[in-house]
Amino acid sequence: MTIAIERLLILAGILAVWWAAAFHYGPTVVPDPPATLAAGRRLAADGTLLAALGDSALVYLSGYLAAAAAAVPLGLAMGAAGRLGKAFEPYVYALAATPRVAFVPLVIVLLGLGVEAKVFIVFLGAIMPILVNTYAGVLAADDELVEMARSTGAGKLRIFLHIVLPGALPFVVAGLRLGATIGLINTVVAELYTAVQGLGGLLALYGNTFRMAEYFAIVITLAFAGVAVTEGLRLVEQRFARWRTR
Amino acid sequence: MNRPEPAPSGAFPAAPPAEKPMPIIELAGVSKRFEPPRGAPAVDALRDVTLSIDQGSFVVLLGPSGCGKTTLLRLVDGLLPPDSGSVRVFGRAPVPGPGMGFVFQSFRLVPWSTVRGNVEFALAGTGLDRAARRERAEHYLELVGLARFASAYPGELSGGMKQRAALARALAPEPEILLMDEPFASIDAQTRELMQAELMRLWALRRSVVLFVTHSVDEAILLADRVVLMGPRPGRILEAIEVELPRPRWRYDVRAEPRFIELRAYLWNRIRELVLSDENSDFFGRSRDF
């Protein structure tokens, strides 16, 4: 319970800094919290915010879910393939280390400026952390448990399903969380660089026209979206790891 | 071998009518060498090991670390193939499965499965249906005194309880052979004594072959029909000693028996000699009377 109080105090501190900055720079650069709240209310009331949120959510969820659906099986396959997986390893790591924003111009050339391009940019951002973590999770299988399973007569498939896969699960979830954050970043990147749309589009619009109160309202909406996504995944993680917390 | 023949429950050939029972486990001239990575010298885990174990006997492999005791268990279970020589279990090359139960020093319970789930895991190859597996698991958890913890996760158990769960897992398929790799080494001394008595009691209920690895002299004499003394580098069998102390040994103070004391002194000296003359040991070259 005390942590809640401490968190509120930190929030008050952040608001104070924000307020001081607003006072120092003036409302044309940094709007104060009440002005931002009022702008947020206006955007919510006329439907702008909800429409943009819907556009962004569609892009984000499609790209992210596609990335998860591709990355988890690929990572498992790479881990299970032994030597072949090891052969792919340097290329996968190289791709994971390349800033995926580097591919945005290529994606635009290939797919245009529409929803497909946006979804693909999110997909590109989210896939690598999930893939790399899933792969690492399979490699981290507990050799002692694997030998125990072998001694009971378990075959390769049974060992994979009962020992390797559950053991890799925390890694997979960690990858999903990382991918979720990067996917959110790439959603905004995609909306800034391709057809201006969604929350990223509103950022560009208000930023370019110096409507800073609206601009700040969008930034805070994005922060809330990020918190919602990571908290949601943390709850999922807890459900899968009941044996550890009990 | 004057004890009654246990009822055979597995699919192994019935013992021939001869006086001498058929050996269940036979190792002939077995060698195993490990090549560590990065050019370290190869380790002769076992060299030219010959051993034969009869139905229903409790054999303890005793020796200092590095004498290939664990490797020998793995070879018998079929987890490892020998480099040369032959390993025969029931007259065939061994295949891991419900016919042999393995108890590890580090328990090796699946942390995301309940205690019951862990025991049921070992029953997959037995051909029992779901309900029968559940019933069998409950029965063996009852036998080791863990019935109340069937739905608990291993992380909630103490060390002694974990090893009892692992013991239930190894016993539940009702194997003809029980392989135990220093099962009580990482348990506190008090619990260890209780577990030793527990094991003797369970073994009296159903006599399988037990091949038990330890480096505790007391534990070896307390449990064994036969103590097989092994030496390190290369891992090899030095001698085998029959322990004729009457059973059940938990009914009297076996440690006070003259024969126990005599064996204990003898084995202690043999092992001390081995350790002092082993150049890889921390005690190599120490004075003989330290």
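Residues numbered from 1 in each chain as written. Chains lettered and ligands numbered in written order. Predicted model: local features only at pLDDT ≥ 70, side-chain atom pairs only at ≥ 80, totals over all residues. Heavy atoms only, no water.

*Asks:* Please provide a residue-by-residue account of the overall build of chain A, values included.
*Replies:* Along the backbone of chain A there are eleven helices and zero strands. Listed N to C, the secondary structure of chain A is α-α-α-α-α-α-α-α-α-α-α in terms of helices and strands. Based on the C-alpha atoms only, the size of chain A along its principal axes is roughly 70 × 55 × 30 Å. Residues counted as buried form 38% of the 246 residues belonging to chain A. (Helix = DSSP H or I, 4+ residues; strand = E, 2+ residues; numbered from the N terminus. Buried < 20%, exposed > 50% of the residue type's maximum accessible area, 1.4 Å probe, protein only.)

*Asks:* Report on the sheet that holds strand S2 (residues 43–54) of chain B, specifying residues and quantitative values.
*Replies:* All names here are of chain B. Pairing in this open sheet of three strands is antiparallel, and the strands run S2-S1-S4 from one edge to the other. Each end of this open sheet is capped by a strand with a single partner; those strands are S2 and strand S4 (84–89). Taking each pair of neighbouring strands and ignoring which way they run, the sheet shows an average axis angle of 20°. Of the pairings in the sheet, the one linking strand S1 (residues 23–34) to S2 comprises eight bridges and is antiparallel in character. Residue Ile25 lies in a different strand from S2, and its bridge partner there is Ile53. Contacting S1, S2 and S4, helix H1 (residues 69–77) crosses the sheet at an angle of about 120° to S1. (Pairing = 2+ DSSP bridges. Axes fitted to C-alpha atoms, helices over the stretch in contact; angles between N-to-C directions. Contact = heavy atoms within 4.5 Å.)

*Asks:* Report on the interface of chain A and chain B, specifying residues and quantitative values.
*Replies:* Listed by partner, the interface residues are 17 residues for chain A and 23 residues for chain B. Of the roughly 1,900 Å² buried where chain A meets chain B, counting both sides, 63% is carbon and sulfur surface. For the interface between chain A and chain B, the tally reads three salt bridges. With a shortest N-O distance of 2.4 Å, Glu147 of chain A and Arg74 of chain B are connected by a salt bridge. If you look at where chain A meets chain B, you find eight residue pairs in polar contact (both at pLDDT 80 or more). Sorting the residues of the side of chain A that touches chain B by element identifies helix H7 (143–151) and helix H8 (156–193) of chain A as the ones contributing at least two each. (Buried area = accessible area lost by both parts, 1.4 Å probe. Salt bridge = Lys/Arg side-chain N within 4 Å of Asp/Glu carboxyl O. Polar contact = N/O pair within 3.5 Å; in protein donor to acceptor, adjacent residues only side chain to side chain.)

*Asks:* Give a detailed account of the sheet that holds strand S9 (residues 236–242) of chain B, specifying residues and quantitative values.
*Replies:* Strand pairing in a sheet takes place through backbone hydrogen bonds and is either antiparallel or parallel in direction. All names here are of chain B. An order of S5-S6-S7-S3-S8-S9 is seen for the six strands of this open sheet, with the pairing classed as mixed. The open sheet terminates on both sides in strands that have one partner only, identified here as strand S5 (100–103) and S9. Between one strand axis and the next, the sheet turns by 15° as a mean value, whatever way the strands run. As paired strands, strand S3 (residues 58–62) and strand S7 (residues 209–214) are joined by five bridges and run parallel to one another.

*Asks:* Please give an account of the nonpolar core that cites residues and values.
*Replies:* Residue and element names in this part refer to chain B. The biggest cluster of nonpolar side chains holds 53 residues, and the ones touching the most others in it are Met180 and Phe212. The element that contributes the greatest number of residues to this core is helix H4 (residues 159–171), accounting for seven residues. When sequence neighbours within four positions are dropped, the list of residues in contact with Met180 reads Leu73, Val103, Leu167, Leu199, Val210, Leu211, Phe212 and Val213. Among the nonpolar cores identified, the runner-up in size contains 44 residues, and Ile53, Met100, Phe121 and Ile177 belong to it. (Core = buried A, V, L, I, M, F, W, Y, C linked by side-chain atoms within 4.5 Å.)

*Asks:* Lay out a nonpolar patch on the surface with the relevant residues and their values.
*Replies:* Residues and elements named next belong to chain A. A contiguous nonpolar surface patch, about 380 Å² in accessible area, is contributed by Leu106, Leu110, Leu111 and Phe120. Tracing the backbone through its elements, the reader meets Leu110 in helix H5 (residues 104–111). By relative accessible area, Leu110 is classed as exposed at 63%. (Patch = residues over 30% accessible without salt bridge, like charges linked within 9 Å, V, L, I, M, F, W, Y side chains within 5 Å. Areas by Shrake-Rupley, 256 points an atom, 1.4 Å probe, with all protein chains shown as cover.)

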